[in-house]
Amino acid sequence: MSYAEVYARWQADPEAFWMAQADRIDWIKPPTRALDDSNAPFYRWFADGVLNACHNAVDRHVAGGRADQVAIITDSAITGTVIRMTFAELQAATASLAGALRDKGIGMGDRVIIYMPMVAEAIVAMLACARIGAVHSVVFGGFAAHELAVRIDDATPKAIIGASCGLEPGRTVAYKPLIDAAVAQARHKIDFTIILQRDQLTCDLTPGFDHDWHAVQQGVVPADCVPVAGDHPAYVLYTSGTTGAPKGVVRHTGGHLVALYWTMKNIYNVDPGDVFWAASDVGWVVGHSYICYGPLIHGNTTIVFEGKPVGTPDASTYWRVIQDHKVRSLFTAPTAFRAIKRDDPTGALIAGYDISSLRALYLAGERADPDTVIWAQTVMKVPVYDHWWQTESGFPMVANPAGLQALPVKIGSPSVPMPGYDIRILDEAGVEMPRGELGAIAIKLPLPPGTLPTLWNAEDRFQTAYLTTFPGYYETGDAGLMDTDGYLYVMARTDDVINVAGHRLSTGAMEEILANHPDVAECAVIGVADDLKGQLPMGFVCTNKGTTRPEAEIVADCIRMVRDAIGPVAAFKLVAVVDRLPKTRSGKILRRTMVSVCDGAEVKVPATIDDPAILDEIRVAVRSLGYGGVA
Ligand code: COA
Ligand code: AMP
């Protein structure tokens, strides 16, 4: 069947389409219907079905003849080690950890935070939670203690599963002190932790509260998979919004598995048994969907990669991993390829490797710039598919369905809407724009299975953040256009969310931190263009009248405060002290105009600006930072 036929089939009868896809998943009690819209806009998919995510990811493969197939390859480019775990071993590991969690009082619906580096045990921890109906919430290791504490207070977990350390190039990151600090900061009190001690740096454990990963599992009776309802939350994953309070995206079990299963062949073009590599981190949605659940439920081997595309040890690492593990499809963020291209501009290093196993490269997480796409095509000699999605959707909204029918690639476009997504371009009044014209990208409700049904503990915020601007539609937060062939072009965010090396960050959250500095009167943080990371945050602070502290000290404080509160992942290193911020006459800071000034783009000075001369002051301040993006 062609893409057009499949999309039309979904459009004609979404209920029948999704019920047919649900057949690919093991159910303890199959659903009698796909969509329950009785409580719209809180849609529920496969709500009366009963299943278990860990069974689908692990046990059914063991029972179905894949017991000895490798499920997880852990490849650490930092320690130089490779560890393979079969589906049978994964089953034993998850059942054992699940048994330990159950013995310590974790049960159906209890939350467990996972704060771990890229080790197979992070996947084991996620699956162990799913096995007993607990709801995991993985927090990315590059976030600081404060961000972890915010998530502890929102998710109110009973336990944290962590590790003693993470490994960054040239630096061992002690995780346990971050966990301890977060536990101390949080108002909500957890019952216990389970800590994986890594050889590179072990940590002290508080008796009775911190439990060693191995010791806590000794003598436990392995836990079986428990039945959960189709709309039981599989996990909560926090993502950045416009304020400092992250949004807890909820994922229901049934829809999640059904949608992911569909994507593995139809988009990523892998068959069960193939090796699939998503070079991301378990702390992001890519890690949830395409390091953990997607490949495993489909019977693929997944790769847990610890390292960077460059510097561990060099720009050939991705080629080495593809060669050594016979990777069929690779998924990463464009920033990774910009990094490789910067270090090895001609792609000479690839000559030393056999990457013939690779069928295609998939890019997402940020805009795929044409230079990078063309470079990757030329060097790797495989199709390069941009695709567009977000934490909220959980799987691609717009993609090239290469396993179904590879459509012509139009560079600059992630291609076409996937079944389930009725994508419209709307103007500010919610009226559909003609083809080719820029507007807000919205999706007609209901969203398909696997997408967020709500936000954790925040039903009102779910509605105001996504459903209020355009009644009847989900607001994606992205702006773009659709061409006459139905190809989408994603151009920019409509809010203050920025994208730094494929990581979604809130400038509002950074402003809240800077505003706490005693010498800062007001501030603005914007995202400026960066050759490597796509965007970088840049802060502007106005100091209080009469401040005597040297500007350099205030700047250093600001950088440290953001790193301490949000974490190194914010990459917040550019701060300018200015006398004034450009504002409208009604006092609104003109952040978008500031971005144009910094990026050297054509500056459309808004008619409502209070004093246009301030833009020149901003230009001078930015030049003084040595920021290369300024014209
Ligand atoms: N634990 C602790 N610290 C972490 C971390 C983790 N899991 N992940 C990142 N950090 C730290 C880094 O050490 C770095 O700290 P520094 O300021 O002291 O150097 C900072 O957070 C920024 O990290 P990162 O965004 O990875 O930038 P980088 O400069 O180290 O590397 C790239 C740049 C492009 C190579 C890197 O971002 C990359 O590999 N991206 C691949 C794509 C990707 O992972 N995308 C995710 C979504 S698909
Ligand atoms: P996240 O929720 O962290 O996955 O970030 C999602 C956001 O990243 C989207 O809303 C977009 O702003 C951006 N994004 C993701 N994929 C793409 C893409 N292929 N092209 C352009 N922007 C993208």
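Residues numbered from 1 in each chain as written. Chains lettered and ligands numbered in written order. Predicted model: local features only at pLDDT ≥ 70, side-chain atom pairs only at ≥ 80, totals over all residues. Heavy atoms only, no water.

- Looking at an unreviewed UniProt entry, one finds the protein chain named Propionyl-CoA synthetase and attributed to Loktanella fryxellensis.
- Entered under Sequence similarities (unreviewed entry) in the UniProt record, the comment concerning the protein chain runs "Belongs to the ATP-dependent AMP-binding enzyme family." (UniProt positions renumbered as here; feature names shortened; annotations may be inferred.)

## Remarks on the overall build of the protein chain
At step 1: The secondary structure content of the protein chain amounts to 18 helices and 31 strands.
At step 2: For a compact globule of 631 residues, the expected C-alpha radius of gyration is about 25 Å, and the protein chain comes in at 24 Å, within 12% of that figure.
At step 3: For the protein chain, the C-alpha atoms occupy an extent of roughly 70 × 60 × 55 Å along the three principal directions.
At step 4: For the protein chain, the residues scored as buried account for 61% of the 631 residues in total.
At step 5: If you take every contact in the protein chain between residues at least 6 apart in sequence, the share linking residues at least 24 apart comes to 70%.
At step 6: For the protein chain, the distance from the average position of its 54 positive side-chain charges to the average position of its 71 negative side-chain charges is 1 Å. (Helix = DSSP H or I, 4+ residues; strand = E, 2+ residues; numbered from the N terminus. Rg over C-alpha atoms; globule rule 2.2 N^0.38 Å. Buried < 20%, exposed > 50% of the residue type's maximum accessible area, 1.4 Å probe, protein only. Contact = heavy atoms within 4.5 Å. Lys, Arg positive; Asp, Glu negative; His and termini not counted. Charge placed at Lys NZ, Arg CZ, Asp CG, Glu CD.)

## What to know about the pattern of salt bridges
At step 1: By the definition in use, this model includes 36 salt bridges.
At step 2: Here Lys-176 ties to Asp-180 by a salt bridge, and the two come within 3.0 Å at their closest N and O atoms. Of the two residues, Lys-176 and Asp-180 both sit in helix α7 (residues 176–185), four residues apart, roughly one turn of that helix.
At step 3: Here Lys-176 falls in the buried class, since its relative accessible area comes to 3%.
At step 4: Among the ionic pairs, Arg-619 bridges to Asp-616, the shortest N-O distance being 2.8 Å. With Arg-619 and Asp-616 both in helix α18 (residues 613–624), this residue pair falls three residues apart, about one helical turn.
At step 5: A relative accessible area of 44% places Asp-616 in the partly exposed class. (Salt bridge = Lys/Arg side-chain N within 4 Å of Asp/Glu carboxyl O.)

## What about the site of ligand 2?
At step 1: Taken together, 15 residues lie near ligand 2, and His-387, Thr-391, Asp-478, Arg-493 and Arg-504 sit nearest.
At step 2: Here Gly-365 contributes a backbone N or O atom positioned 3.1 Å from a nitrogen atom of ligand 2.
At step 3: For ligand 2, a nitrogen atom lies 2.8 Å from a polar atom in the side chain of Asp-386.
At step 4: For ligand 2, whose accessible area on its own is 490 Å², the fraction buried by protein is 92%.
At step 5: Class assignment of the residues belonging to the shell around ligand 2 gives a composition of four nonpolar, five polar and six charged. (Near = heavy atom within 4 Å. Polar contact = N/O pair within 3.5 Å; in protein donor to acceptor, adjacent residues only side chain to side chain. Areas by Shrake-Rupley, 256 points an atom, 1.4 Å probe, with all protein chains shown as cover. Nonpolar A, V, L, I, M, F, W, Y, C, P; charged D, E, K, R; others polar.)

## Digging into the environment of Gly-294
At step 1: Mapped onto the fold, Gly-294 is located in helix α9 (residues 285–297).
At step 2: Exposure remark for Gly-294: the relative accessible area of 0% places this residue in the buried category.
At step 3: Along the chain, Gly-294 and Leu-260 lie 34 residues apart, while their C-alpha atoms are 5.2 Å from each other.
At step 4: When neighbours within four sequence positions are excluded, Gly-294 is seen to be in contact with Leu-260, Met-264, His-288 and Ser-289.

## Some thoughts on the environment of Ala-77
At step 1: With respect to the secondary-structure elements, Ala-77 resides in the loop between β4 (70–76) and β5 (81–86).
At step 2: Separated by 395 residues in the primary sequence, Ala-77 and Gly-472 place their C-alpha atoms 47 Å from one another.
At step 3: Contacts of Ala-77, omitting those with residues within four sequence positions, involve Phe-305, Glu-306, Gly-307, Thr-312, Thr-317 and Arg-320.

## Regarding the pairing of strand β7 (residues 135–138)
At step 1: Burial along β7 is two-sided: Val-135 and Ser-137 facing one way and His-136 and Val-138 facing the other are all buried.
At step 2: For strand β6 (residues 111–115) and β7, the ladder comprises four bridges, and the chain directions are parallel. In the strand pairing of β7, Val-112 is matched with His-136.
At step 3: For the handedness criterion, the β-α-β arrangement of β6, helix α5 (residues 120–131) and β7 is classed as right-handed. (Pairing = 2+ DSSP bridges. Right-handed = clockwise from strand over helix to strand, strands pointing away.)

## Side note on the site of ligand 1
At step 1: Around ligand 1, 23 residues are found, and the nearest of them are Glu-168, Arg-171, Lys-308, Pro-309 and Arg-563.
At step 2: The backbone of Gly-141 places a nitrogen or oxygen atom 3.3 Å from a nitrogen atom of ligand 1.
At step 3: Taking His-503, its side chain carries an N or O atom lying 3.3 Å from an oxygen atom of ligand 1.
At step 4: Contributing elements (two or more residues each) for the shell around ligand 1: β10 (171–174) and α11 (334–343).
At step 5: Here the residues of the shell around ligand 1 are counted per class, giving 11 nonpolar, six polar and six charged.

## Details of unusual backbone geometry
Both trends apply: most residues other than glycine have a negative phi, and most peptide bonds are in trans.
At step 1: The omega torsion across Ala-40 and Pro-41 is 10 degrees, close enough to zero to call that bond cis.
At step 2: Its location among the elements puts Pro-41 in the loop between β1 (35–36) and β2 (44–45).
At step 3: Here the residue pair Thr-312 and Pro-313 is connected by a cis peptide bond, since its omega of 0 degrees sits within 30 degrees of zero.
At step 4: Within the secondary structure, Pro-313 sits in the loop between β17 (301–306) and α10 (317–325).
At step 5: Residue Thr-156 is not a glycine yet carries a positive backbone phi of 40 degrees.
At step 6: Structurally, the position occupied by Thr-156 is in the loop between α6 (145–155) and β8 (159–163).
At step 7: Backbone geometry at Ala-501 places phi at a positive 55 degrees, although glycine is not the residue there.
At step 8: You can see Ala-501 is positioned in the loop between β27 (497–500) and β28 (503–506).
At step 9: The buried category is assigned to Ala-501, whose relative accessible area is 16%.

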